[in-house]
Amino acid sequence: MLNSGRRIFICSFGRCIHADTSRRSLERLESLVAEHGLDSFDAPNRVQCRLSGCLSICENGPTMVVHPDRVWYHRVDEAAVERIFYEHILNNRIVEDLLHHREPGIVQST
């Protein structure tokens, strides 16, 4: 089975955030993904990043969802994106203080 990697969605256009904050966070995430070679189609740990519409939390935004890990982060800005990238995406450690919700799933906090 082909590894589809991770898909990351950052909430935008909701009432709890400014679209510029989401856009800057996405740009920072995309640059980290590219710097680490995780953006190519054949990367074994490929990461795809997108802005999404409102994710219906509308508190402590913006929200970021990491799929298929089933992890929801809140209070996401450029600094939070950087922490999430290095801790969660590269090292499979959930950033507990930014965690909004985690369904039972793949990634475990250490």
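Please refer to the structure placed before this passage.
Every value quoted in this text rests on a predicted model; they were computed, and no experiment measured them. (Residues numbered from 1 in each chain as written. Predicted model: local features only at pLDDT ≥ 70, side-chain atom pairs only at ≥ 80, totals over all residues. Heavy atoms only, no water.)

Looking now at the side chain of H74. Following the sequence through the fold, H74 ends up in the loop between β4 (71–73) and α2 (78–89). Exposure remark for H74: the relative accessible area of 8% places this residue in the buried category. A distance of 3.5 Å separates the side chain of H74 from the backbone oxygen of L99, its partner in a polar contact. Contacts of H74, omitting those with residues within four sequence positions, involve N60, P62, T63, L98, L99 and H100. (Helix = DSSP H or I, 4+ residues; strand = E, 2+ residues; numbered from the N terminus. Buried < 20%, exposed > 50% of the residue type's maximum accessible area, 1.4 Å probe, protein only. Polar contact = N/O pair within 3.5 Å; in protein donor to acceptor, adjacent residues only side chain to side chain. Contact = heavy atoms within 4.5 Å.)

We now examine the environment of S12. Structurally, the position occupied by S12 is in the loop between β1 (6–11) and α1 (19–35). We classify S12 as buried; its relative accessible area is 1%. Put simply, S12 and S52 are 40 residues apart on the chain and 5.7 Å apart in space, counted from C-alpha to C-alpha. Sequence-distant contacts of S12, defined by excluding residues within four places in its chain, comprise I17, A19, S22, L51, S52, G53 and C54.

Two numbers describe how α1 lies on α2: the axes approach to 8 Å, and their chain directions differ by 30°. Overall, the two elements α1 and α2 adopt an arrangement that is roughly parallel. Helix-helix and strand crossings are classified by hand; for α1 and α2 the assignment is right-handed. Taking contact as the criterion, the partners of R24, S25, R28, L29, L32 and V33 in α1 are, on α2, E78, V81, E82, F85 and Y86. For the contact of α1 with α2, the residue count by class is six nonpolar, one polar and four charged. (Axes fitted to C-alpha atoms, helices over the stretch in contact; angles between N-to-C directions. Parallel < 35°, antiparallel > 145°, perpendicular 65-115°, else oblique. Left-handed = near helix turned anticlockwise from the far one by under 90°. Nonpolar A, V, L, I, M, F, W, Y, C, P; charged D, E, K, R; others polar.)

Inspection of the secondary structure assignment puts I8 in strand β1. The buried category is assigned to I8, whose relative accessible area is 0%.

Turning to α1, a few remarks are in order. For α1, which comprises 17 residues, the first-to-last C-alpha distance of 24 Å matches the rise-based estimate of 24 Å (1.5 Å per residue) to within 8%. Regarding α1, the residues found buried are S22, S25, L26, L29, L32 and V33. For α1, the arc enclosing every buried residue in end-on projection is 125°, short of the 170-degree limit, so these residues lie on one face. Where α1 is buried, its residues meet β1, β2 (47–52) and α2. Just past α1, the residue G37 takes up positive phi, approximately 65°. (Expected span 1.5 Å × (residues − 1). Arc of directions from axis to C-beta.)

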